[in-house]
Amino acid sequence: MVESPLRIILFILLVSVASVYVHVYLYRRLFRDTASSRTWRTAGKVLLTALCVPLLLSWVVTRILPSAFIVAVFAWTWMGVAVYLLLSLALLGGVRRLVARTRGHRGVAAPLATPAPDPAAPPSLADLAVTVPPAAVPAVPPVDEARRLFLARATAGGAVLAAGGLTGYGMWSAFHPPVVNEVAVRLRGLPRALDGFTIVHMSDIHVGPVIQRRFMDELVRRANALKPDLVAITGDLVDGTVNDLRHSVAALQNLQARAGTHFITGNHEYYWNASHWAEGLTGLGINVLRNRHVTIGDAGGAFDLVGVDDWSMRTGPRGYNLDAAIEGRDPDRAAVLLAHQPSNWDVAAKAGMGLQLSGHTHGGQFFPFTLAVSAIWKHDAGLFQEGENSLYVSRGTGFWGPPLRVAAPSEIVKVTLLAV
């Protein structure tokens, strides 16, 4: 991908600093605060260093040594666990401080107000008495070390259990077959003869060392059960080379749709040689749309299916080019655009694309990144409509990085086109 070296360096630096800080924090809460044993603390330092270093190196190493990808998956899994440990510790620590503050104020009587002296009253004996200095303020009682140690261990233990439970659920959800979501979209210019035409949309499957043939066979079975007229795969299909993943990807040959299976590139195809993958998928009978369009239907009714390369490569030698993709098409004919990223929707709608199918965001994939993606992306997941134009952004059919899906389940989308 064409990116500024400065941006890459700044990104790596920022992520590295954040990762180191998180691991230092986890060491303090899980090891330093829970025991006075030097052996336990040393073990904690060694363990968290051994977990942190592979995580810091994973992004770079997987691009230099693709064979290290499977090792990187373990590092990314730990990243998910670390995030949930961090959140659990913060939550339980907040509850612990709140309870301590409440206990500290319970039962303390307010001091009695001293009446102001009356200037007209004669001085009393108390006023004439020699002022005796107040007793010294009593010293703060010593910290109960046993109680402090108990609370630290209870907090750490609770965080480990909570993080383990969330991680376990997230992994189960990631490997669980995707849910099927069905949406109906009115498509401007669609002939009545094609009213009810169905498209099964899959995106971001990320076939690789973890997602393999068994997972793909189940996807194909579920897609075929929907009896689609057309199958669209909107990029990030693979994380590996053609030679390594050919067997797993070949499951797509079993997809059954009378208008065929169509594919566009995502940013991850460029990591693994997009041209080689385009050739390999074409050899499997899949129609690869690289900045071009095809007409779906016949003289009785048709629409254009338009495909573009990934948006991130729009400045590269061969990347996103909507102008080339729609060159020569009849502007009065209905059009469905396949574009990996939803970033270009406004431009695509102005170019006459009545419906755009995208992915890329994963819907955040797992909490709390779901919140971050929602804040960053204007169109993060689901169906969006503005006037007569529609956009569907898939949460993804597989997963990438940590094998986790929490609050953002993977999906296969069945889109039914309706004539306006």
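Residues numbered from 1 in each chain as written. Predicted model: local features only at pLDDT ≥ 70, side-chain atom pairs only at ≥ 80, totals over all residues. Heavy atoms only, no water.

Visitor: Quick rundown of the packing of helix α7 (residues 242–249) against helix α9 (residues 274–283)? Include the residues and the values.
Guide: When two helices pack together, their arrangement is captured by the angle between the axes and the distance separating the axes. At a minimum axis separation of 11 Å, α7 and α9 run at an interaxial angle of 35°. Seen along the crossing, α7 lies across α9 with a hand that is right-handed. Packed against α7, whose contacting residues are Val242, Leu245 and Val249, the element α9 presents His276, Trp277 and Leu281 at the interface. Tallied by class, the residues present in the contact of α7 with α9 amount to 5 nonpolar, 1 polar and no charged. (Axes fitted to C-alpha atoms, helices over the stretch in contact; angles between N-to-C directions. Helix = DSSP H or I, 4+ residues; strand = E, 2+ residues; numbered from the N terminus. Left-handed = near helix turned anticlockwise from the far one by under 90°. Contact = heavy atoms within 4.5 Å. Nonpolar A, V, L, I, M, F, W, Y, C, P; charged D, E, K, R; others polar.)

Visitor: An account of the sheet that holds strand β5 (residues 287–288) is requested, with residue identities and associated values reported.
Guide: Pairing is mixed across the open sheet formed by 6 strands, whose spatial order is β1-β12-β2-β3-β4-β5. Each edge of the open sheet is held by one strand with a lone partner, namely β1 (179–187) and β5. (Pairing = 2+ DSSP bridges.)

Visitor: Hey, could you go over the layout of surface pockets for me, with residue numbers and the actual values?
Guide: By volume, the largest pocket amounts to about 2200 Å³. Lining of the largest pocket is provided by 50 residues; of these, Phe11, Val15, Trp59, Phe369 and Trp400 occupy positions nearest its centre. The element contributing the most residues to the lining of the largest pocket is helix α1 (residues 5–32), with 10 residues. A class-by-class count of the residues in the lining of the largest pocket yields 28 nonpolar, 15 polar and 7 charged. Computed from the structure, the second largest pocket encloses a volume of approximately 220 Å³. Along the walls of the second largest pocket sit Tyr25, Arg29, Asp33, Leu89, Ala90, Gly93, Arg96, Arg97, Arg148, Ala152 and Thr155, which together make up its complete lining. Of all the secondary-structure elements, those providing two or more residues to the lining of the second largest pocket are α1, α3 (69–105) and α5 (145–175). The greatest single-element share of the lining of the second largest pocket, amounting to 5 residues, is contributed by α3. Looking at side-chain class alone, the lining of the second largest pocket contains 4 nonpolar, 2 polar and 5 charged residues. (1 Å grid on protein atoms, 1.4 Å probe; cavity = no way out; pocket = protein on both sides within 12 Å on 5 of 7 lines; lining within 4 Å. Points joined across faces, edges and corners; volume = space filled by probe spheres on them.)

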